[in-house]
Amino acid sequence: MPALIDSNDLKEAAEKLRRGDVVAIPTETVYGLAASIGSEDGLKKIFSTKERPFFDPLIVHVASFEQARQVTREWPPLADFLARWFWPGPLTIVLPKAATTSSLITSGLDTVAVRYPAHPFAQELIRLTGTPLAAPSANKFGRTSPSTADHVRAEFPDVTVVDGGPCEVGLESTVIAVTPGEIAILRPGGITQEDIELATERWAQPVRIRRAESQESPGHLKHHYMPKVPLAIVANDTQLAEAQRDLGKVALRARELDLTDDPTQAARRLYAEMRTQEESGADFLYAVKTPAKDGGLWAAVWDRLTRAASWTPEDRSRV
Ligand code: TXA
Ligand code: MG
């Protein structure tokens, strides 16, 4: 039987984490499949439960700046500034790892990704466990991330889920690598490039902000977040017809993803909408990309949709 626990049972969940088990935890971005960074068994269980390849490193979740310093070898002033600006929140910072940080977490890299989540249950679980928690999104590798506890239960019926309600942001954190004078955005997410630009205007030295090349982000694959039915991104009806023809889905049950015009709402509902639509009996999904849906959080929304898509106007041969 799945051991569903009540929201108040954080102590029990922390006890499981201390014993080397995995627990699905709420964060403000998406649900994570967590293990104590002090438990090799727990860390290994993350990979086996998710069927995740070991080359894809995990994010370490902390509940204090002190813990962030403990898992890193260097804590540069610019990283400290950004952490003070955005934490707790959906920003993950990649820095040189401490010798004591397990290479299971970092996939053998010399760097570690650290984030201080904003969800109070996540923070409390970290405190009760007594160590930071390593946690990838709580989904099978390559599949859509969960933004509700029910999404996690559907995918991992045997895993204990701490239900913290629907995730406020709805898609994953922004991952950045910080070097002196430069911030590389490895994965767009809940904190936008514009947010980072605004913050760095208050920084004493000039900072270059750039979108990283895909090879700099080990787990951020071209195809990811795969829905169970083909998804196309189209700009207009002509492209919709082309996509349906290319995918052999002409006149079948096509459904448009309802993204709304508000990027905050679009991000929040994106994964739930993908799950609902793929289970609705539709055999072809599409999202309409209009010029207005650009900038800010839209960057992260289109990043995820493009990785999930079988057809985009730029790349018609993805099937
Ligand atoms: O919002 C989030 O970040 C969620 C919640 C649970 O916190 N977590 C999440 O984890 O999305 P995951 O494992 O699905 O994605 C982690 C990303 C991967 O793309 C991975 O490649 C990158 O972070 N990453 C982790 N460590 C890294 C490192 N040392 N260098 C570069 N990228 C790293
Ligand atoms: Mg993930």
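Check the entry above for the structure.
Just so we're clear, the structure is a prediction, and the values are computed from it rather than from any experiment.

Cut-offs used in this document
The residue count restarts for each chain, going from 1 along the sequence in the order it is written. As they are written, the chains are lettered A onward and the ligands numbered 1 onward, keeping that order. Given that the model is predicted, a residue must reach a pLDDT of at least 70 before its local features are reported, and side-chain atom pairs must reach 80 or more before they are shown or counted; all residues, however, enter totals for whole chains, interfaces and linings. Excluding hydrogens and water, the side-chain values take into account all heavy atoms of the structure. Helix and strand labels come from DSSP, where a helix needs a run of H or I of at least four residues and a strand needs a run of E of at least two; each type is numbered from the N terminus. Think of it in three bands: residues with accessible area under 20% of the maximum for their type are buried, residues over 50% are exposed, and the middle band is partly exposed, with areas taken using a 1.4 Å probe on protein chains only. Note on contacts: a residue pair is in contact if any heavy atoms of the two residues lie within 4.5 Å. In this count, Lys and Arg are taken as positive residues and Asp and Glu as negative ones, while His and the chain termini are left out. Charge positions are represented by NZ for Lys, CZ for Arg, CG for Asp and CD for Glu. Think of a 1 Å grid over just the protein atoms. A cavity is a set of points where a 1.4 Å probe fits yet cannot get out, a pocket is an open set with protein on both sides within 12 Å along at least five of seven lines, and lining residues have an atom within 4 Å of a point. Grid points are joined across faces, edges and corners, and a volume is the space filled by probe spheres set on the points. Three categories are distinguished: nonpolar for Ala, Val, Leu, Ile, Met, Phe, Trp, Tyr, Cys and Pro, charged for Asp, Glu, Lys and Arg, and polar for the others, with Gly belonging to the last. As used here, the term nonpolar core means buried Ala, Val, Leu, Ile, Met, Phe, Trp, Tyr and Cys residues forming a set that is joined through side-chain atoms within 4.5 Å. The directions considered for the arc run from the helix axis to the C-beta atoms. What qualifies as a polar contact is a pair of N or O atoms within 3.5 Å, subject to a donor-acceptor requirement within protein and to the restriction that residues adjacent in sequence count only when both atoms come from side chains. Just to be clear on terms, a salt bridge is a Lys or Arg side-chain nitrogen sitting within 4 Å of an Asp or Glu carboxyl oxygen. Axis geometry follows a simple rule: fit a line to the C-alpha atoms, using only the stretch in contact for helices, then measure angles between N-to-C directions, giving values from 0 to 180 degrees. Note that the term roughly parallel is reserved for angles under 35 degrees, roughly antiparallel for angles over 145, roughly perpendicular for angles of 65 to 115, and oblique for everything else. Crossing handedness: left-handed means the near helix sits turned counterclockwise from the far one by under a right angle, and right-handed means the same turn made clockwise. A pair of Phe, Tyr and Trp rings is counted when the ring centres sit within 6.5 Å of each other, with Trp represented by its six-membered ring. The angle between the planes then sorts it: under 30 degrees is stacked, over 60 is edge-to-face, the rest tilted.

A. View of the overall build of the chain. Across its full length, the chain carries 11 helices and 13 strands. Along the first, second and third principal axes, the C-alpha atoms of the chain reach 55 × 55 × 30 Å. Counting across all 319 residues of the chain, residues that qualify as buried make up 55%. Put simply, of all contacts in the chain between residues at least 6 apart along the chain, 70% involve residues at least 24 apart. Positive and negative side-chain charges in the chain, numbering 37 and 43 respectively, have mean positions lying 3 Å apart.

B. Representation of the layout of surface pockets in the model. Of the volumes computed, that of the largest pocket is approximately 610 Å³. Forming the boundary of the largest pocket are 41 residues, of which Arg52, Pro57, Ile59, Val175 and Arg187 lie nearest the centre. Ranked by residues supplied to the lining of the largest pocket, first place goes to strand 5 (residues 111–115) with four residues. A breakdown of the residues in the lining of the largest pocket according to their chemical character gives 17 nonpolar, 15 polar and nine charged.

C. Expanded view of the nonpolar core. Grouped together as the largest cluster of nonpolar side chains are 46 residues, with contacts concentrated most on Leu82, Trp87, Leu91, Ile93, Ile176 and Ile196. The element that contributes the greatest number of residues to this core is helix 4 (residues 77–86), accounting for six residues. Ignoring sequence-local partners within four residues, the contact set of isoleucine 196 consists of Phe86, Leu91, Thr174, Ile176, Ile183, Ile185, Ile191 and Ile209. Listed in part, the 24 residues of the second largest apolar core include Leu257, Leu297, Ala300 and Trp302.

D. A look at the environment of alanine 267. Within the secondary structure, alanine 267 sits in helix 10 (residues 263–278). The contacts of alanine 267, once residues within four sequence positions are left out, are Val169, Gly170, Leu171, Leu297 and Val301.

E. Up close: the side chain of threonine 92. Locating threonine 92 in the fold gives a position in strand 4 (residues 91–96). For threonine 92, a relative accessible area of 0% translates into the label buried. Those residues within four positions of threonine 92 in sequence are excluded, and the remaining contacts are Ile59, Ala113, Val114, Arg115, Ser173, Thr174, Val175 and Ile176.

F. Expanded view of helix 1 (residues 10–18). Among all positions in helix 1, only Leu10, Ala13, Ala14, Lys16 and Leu17 are buried. Each buried residue of helix 1 lies within a common arc of 155° when the element is viewed along its axis, so the set occupies one face. Of the surrounding elements, those touching the buried residues of helix 1 are strand 1 (23–25), strand 2 (32–36), helix 6 (120–129), strand 6 (133–134) and strand 7 (160–161). The positive-phi residue at the C-terminal boundary of helix 1 is glycine 20, with phi of around 95°.

G. Layout of the side chain of threonine 174. Residue position: threonine 174 is located in strand 8 (residues 174–179). A polar side-chain atom of threonine 174 sits 3.0 Å from the main-chain amide nitrogen of glycine 189. For threonine 174, the side chain forms a polar contact with the main-chain oxygen of isoleucine 191, separated by 2.5 Å.

H. Molecular detail of the pattern of salt bridges. Tallied over the entire structure, the rule returns 23 salt bridges. The shortest N-O distance in the salt bridge between arginine 127 and glutamate 124 comes to 3.4 Å. Of this pair, arginine 127 and glutamate 124 both sit in helix 6, separated by three residues, roughly a single helical turn. Here arginine 127 falls in the partly exposed class, since its relative accessible area comes to 47%. The partner of arginine 153 in a salt bridge is aspartate 163, and the shortest N-O contact between them spans 3.5 Å. With a gap of 10 residues between them, arginine 153 in helix 7 (residues 149–155) and aspartate 163 in the loop between strand 7 and strand 8 connect regions that are remote in the sequence.

I. Spatial organisation of the packing of helix 10 against helix 11 (residues 298–308). Closest axis-to-axis distance for the helix 10/helix 11 pair is 9 Å, and the angle between their directions is 25°. Taken as axis vectors, helix 10 and helix 11 run roughly parallel relative to one another. Considering only the axes of helix 10 and helix 11, their crossing is left-handed. Here helix 10 contributes Pro263, Ala266, Ala267, Leu270, Tyr271 and Met274 to the contact with helix 11, which in turn contributes Trp298, Val301, Arg304, Leu305 and Ala308.

J. A look at the packing of aromatic side chains. Under the counting rule described, the total for this entry stands at 10 aromatic pairs. Geometrically, the ring pair formed by tryptophan 298 and tryptophan 302 is stacked, given 6.2 Å between the ring centres and 25° between the ring planes. With a gap of four residues between them, tryptophan 298 and tryptophan 302 both fall in helix 11, about one helical turn apart. Tryptophan 302 shares its class with tryptophan 298; the two are buried.

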